[in-house]
Amino acid sequence: MLTKNAKSPPLSSATLHILLALAGGNLHGYGIIKEVARNSDGHYRLGPGTLYDNLKKLISAGLVADVPTSSSSKRKAASAQEEDRRFFSLTREGKDALAREVDRLQGVVTKAKARLQEARTGRA
Amino acid sequence: MNRAVSRLVYRLILRLHPTSFREEFGAEMLWIFEQEQQPGATVHLFLDGALSLLRQRFTSQNGTGQLSIASGVMITAPGIGPVRFLQAAIALSLLCLGLMLLRVPNPLNASVTWADRMPCYTVTLQAPSHAEVVLHSTP
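The present account deals with the structure reproduced in this document. Treat the numbers as computed from the prediction; the structure is a model and nothing was measured.

1. With respect to the sheet that holds strand S2 (residues 64-66) of chain A
All names here are of chain A. Overall, antiparallel pairing links the three strands, which are arranged S1-S3-S2 in an open sheet. Among the strands making up the open sheet, the edge pair consists of strand S1 (27-28) and S2. One ladder, built from two bridges, connects S1 with strand S3 (residues 87-90); its direction is antiparallel. Bridge pairing in S3 links Leu27 to Phe88.

2. Here we look at helix H1 (residues 13-23) of chain A
Residues and elements named next belong to chain A. In terms of burial, H1 is largely enclosed, as eight of its eleven residues are buried. Along H1, the residues classified as buried are Ala14, Thr15, Leu16, His17, Ile18, Leu19, Ala21 and Leu22. Of the residues one or two after H1, Gly25 is the one with positive phi, at around 145°.

3. Here we look at the interface of chain B and chain A
Contacts between the two partners involve 18 residues from chain B, matched on the other side by 17 residues from chain A. Note on chain B versus chain A: buried area summed over both sides is about 1,800 Å², and carbon and sulfur give 55% of it. Our enumeration of links across chain B and chain A arrives at four salt bridges. One salt bridge in this structure joins Arg86 of chain A and Glu24 of chain B, with 3.2 Å as the shortest N-O distance.

4. A short note on the side chain of Glu36 of chain B
Relative to the assigned elements, Glu36 of chain B resides in helix H2 (residues 19-36). Judged by its relative accessible area of 8%, Glu36 of chain B is buried. Reaching out from Glu36 of chain B, the side chain makes a polar contact with the side chain of Tyr30 of chain A at a distance of 3.3 Å. Among all residues touching Glu36 of chain B, those that are not within four sequence positions of it are Tyr30, Ile33 and Arg45 of chain A together with Ala41 and Leu45 of chain B.

What counts as what
- Residues numbered from 1 in each chain as written.
- Chains lettered and ligands numbered in written order.
- Predicted model: local features only at pLDDT ≥ 70, side-chain atom pairs only at ≥ 80, totals over all residues.
- Heavy atoms only, no water.
- Pairing = 2+ DSSP bridges.
- Helix = DSSP H or I, 4+ residues; strand = E, 2+ residues; numbered from the N terminus.
- Buried < 20%, exposed > 50% of the residue type's maximum accessible area, 1.4 Å probe, protein only.
- Contact = heavy atoms within 4.5 Å.
- Buried area = accessible area lost by both parts, 1.4 Å probe.
- Salt bridge = Lys/Arg side-chain N within 4 Å of Asp/Glu carboxyl O.
- Polar contact = N/O pair within 3.5 Å; in protein donor to acceptor, adjacent residues only side chain to side chain.

Right, dumping it as structure tokens:
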């Protein structure tokens, strides 16, 4: 599954978006959904089922952790109702996994650009 | 669909999830459902809930069973008994219901559809002691 070594498999879209959302700070589930929608300009929308299914896996892999309720490191809660929610944070391993995935995607983009460039010059 | 009915259906979907998952995330999922509940988004939330149910039942329980959707065949392993089979059937039914709702956003408004299709007639249903259908023809 999600391992700590450098040869870890690519992350799924949902996982990548969740880690990316949490990279900006601690969030509760609904906050993650809104952040993912904002980051993708509304093109990618997570449902609560998909979100918590992925969060469960990420927590068990040690990439995401629960924020203790009394934590003062917190939480930009907009209302008292949100204050009661369960918040999540990115762990050190989570940050490393996200960085590795971004590097991998960067490599893919670089290769893709090179191939497209070759195709253009070959056609011309 | 009425908000209270939608909430009830979603609670039913949550109820079918494994107990551990429901106890850990059920309240949060229901809260998000209430926040996100809008006329266009409800079907998406139902589908998401039904897919989550399938995932939790068939992929997260130590690989005790497999569901081959591609071949359309359910492969039963020793871990899948009649109860799980029934749960899967309910989950698939909810999925079908979601798809049906996707095509007909509000099935309770059937009379509107009827009137749209046959604008020259007005159909009145009266019910106290017996059902009576009155057709008014307009030129």
